[in-house]
Amino acid sequence: EVAAELGYARPSPEPELLTLGVIFHDTDLINSELHLLIQNGAQSEAERLGYRLNMRWTHEPEEIQAIVRSCSGAVLVGPHDRETFARVRTLGRPIVRQGWLEPLEQADHVGGTDHEAGAAVANYLLALGHRRIVYVHGTPGFRGRVERFYGVREVLEKQADVEFREMRFQADSRFTEHLRAAHAEGFHPTAFFCAHDGLALTVVSELLRLGYRIPENASVVGFGDYSAATQISPQLTTVKVFGQQMGAAC
């Protein structure tokens, strides 16, 4: 009665912030710059919407399961394996994946347009007049690189006057060795689409060392629009990956 007479009111507790987990595969070093962009996008969007973020870098299934259990939902970034997904699905939390899915796997997913990007670059090089084109994989086995190759090939195989090849590197070989082997077979490419910007810098460097002038003698296109693309002059022609937007979408 006294509290009511004096106008006291029970203080309302502050609403508890929901915590979202963002778990990066810690051995996927090739995509570290993309992951940094995804992190920035996720942080900005979470702050805008009033969520708390729990960022972790691991690939251990048990550790990931424990992290997800402590969160209201989670984003798994990178090539996490089947065991990891099986464990987190049993928790009943909303999960979003950033990375490649297994065929017919049912999951909420945010990804890039690797296949479409490959097709776009193929059309771009054709419009420049190139008819001897190479796709440079570098180390094989990365799904995104393969999808870009499929996109390029889908466009170029319809052109009867185009000669198209791919270059895959093993650990003990270099781009120059593959190029010289192609020359020995009578194939002299004028355009190189590289699986990522770092690889494109290697190709540019090797071509310059061999006496090429770029872009007068050869066109080189990268992928990612990462910091490496600005480290040469003229700056590298490349395909922008919208990592921050991907993080916000997740």
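Reference entry: report on the structure contained in this document. (Residues numbered from 1 in each chain as written. Predicted model: local features only at pLDDT ≥ 70, side-chain atom pairs only at ≥ 80, totals over all residues. Heavy atoms only, no water.)

1. Re the pattern of salt bridges
Opposite charge on two side chains permits them to pair, given that their charged atoms come into close proximity. Test applied: Salt-bridge detection follows one rule: a side-chain nitrogen of Lys or Arg within 4 Å of a carboxyl oxygen of Asp or Glu. The way it works is that DSSP assigns letters per residue, a run of H or I at least four long becomes a helix, a run of E at least two long becomes a strand, and they are numbered from the N terminus.
Per the counting criterion, the structure on display carries 15 salt bridges. Residues Glu105 and Arg89 are paired through a salt bridge, measuring 2.8 Å at the closest nitrogen-oxygen approach. Of this pair, Glu105 sits in the loop between β4 (95–98) and β5 (108–110) while Arg89 sits in helix α4 (residues 82–89), and the two are 16 residues apart along the sequence. When salt bridges with common partners are traced through the structure, they connect Glu62, Glu83 and Arg87 into a single cluster.

2. Examining the pairing of strand β7 (residues 163–168)
Filter applied, for reference: Two strands qualify as a pair provided DSSP detects at least 2 bridges between them. The path from the first strand over the helix to the second decides the hand: if it runs clockwise while the strands point away from the viewer, the crossover is right-handed.
Pairing of strand β6 (residues 132–138) with β7 involves six bridges; the strand directions are parallel. Within β7, the position partnered with Gly138 by the bridge is Arg168. The parallel pair β6 and β7 is bridged by helix α6 (residues 143–156), and the resulting crossover is right-handed.

3. Side note on the sheet that holds strand β3 (residues 73–77)
Which entries qualify depends on this criterion: Helix axes are fitted to C-alpha atoms over the stretch in contact, other axes to C-alpha atoms as well, and angles between N-to-C directions run from 0 to 180 degrees. Note on contacts: a residue pair is in contact if any heavy atoms of the two residues lie within 4.5 Å.
Sheet architecture is open: five strands sit in the order β2-β1-β3-β4-β5, paired in parallel fashion. Two strands bound the open sheet, and with one partner strand each, they are β2 (52–57) and β5. When strand polarity is set aside, the average angle formed by the axes of neighbouring strands in this sheet is 20 degrees. Inspection of the sheet shows strand β1 (residues 19–24) paired to β3 by five bridges, in the parallel sense. By the bridge assignment for β3, Leu20 is matched with Gly73. Helix-sheet contacts for helix α2 (residues 32–49) involve β1, β2, β3 and β4, and the interaxial angle to β2 is about 165 degrees.

4. Description of the sheet that holds β7
Judged by pairing direction, the sheet is parallel, and its four strands sit side by side in the order β7-β6-β8-β9 without closing on themselves. Every other strand in the sheet has two partners, leaving β7 and β9 (219–221) as the edge strands with one partner each. Between one strand and the next, the sheet's axes are offset by a mean angle of 20 degrees, whatever the strand orientation. As judged from the three bridges shared by strand β8 (residues 191–194) and β9, these two strands associate in the parallel manner.

5. Section: the packing of aromatic side chains
Geometrically, a pair of aromatic rings is defined through the distance of the ring centres and the angle of the planes. Rules: Stacked, tilted and edge-to-face pairs are distinguished by plane angle, under 30 degrees for stacked and over 60 for edge-to-face with tilted covering the rest, among Phe, Tyr and Trp rings (Trp via its six-membered ring) whose centres lie within 6.5 Å. Partly exposed residues are those whose accessible area sits between 20% and 50% of the maximum for their type, while under 20% is buried and over 50% is exposed, using a 1.4 Å probe and protein chains only. We call a charge positioned above a ring when the Lys NZ or Arg CZ atom is no farther than 6 Å from the ring centre and deviates by at most 35 degrees from the ring normal.
If you walk through the whole model with that rule in mind, you get six aromatic pairs. On the numbers, 5.6 Å between centres and 75 degrees between planes, the contact of Phe175 with Phe192 is edge-to-face. Of this pair, Phe175 sits in helix α7 (residues 175–184) while Phe192 sits in strand β8, placing them 17 residues apart in sequence. Residues Phe175 and Phe192 agree in their burial class; the two are buried. Taken together, the ring pairs connect Tyr135, Phe149, Tyr150, Phe164 and Phe193 into an aromatic cluster. We note Arg148 situated over the ring of Phe223; from NZ or CZ to the ring centre the distance is 3.8 Å. In this arrangement the basic side chain of Lys240 is found over the ring face of Phe242, its NZ or CZ atom lying 5.6 Å from the centre.

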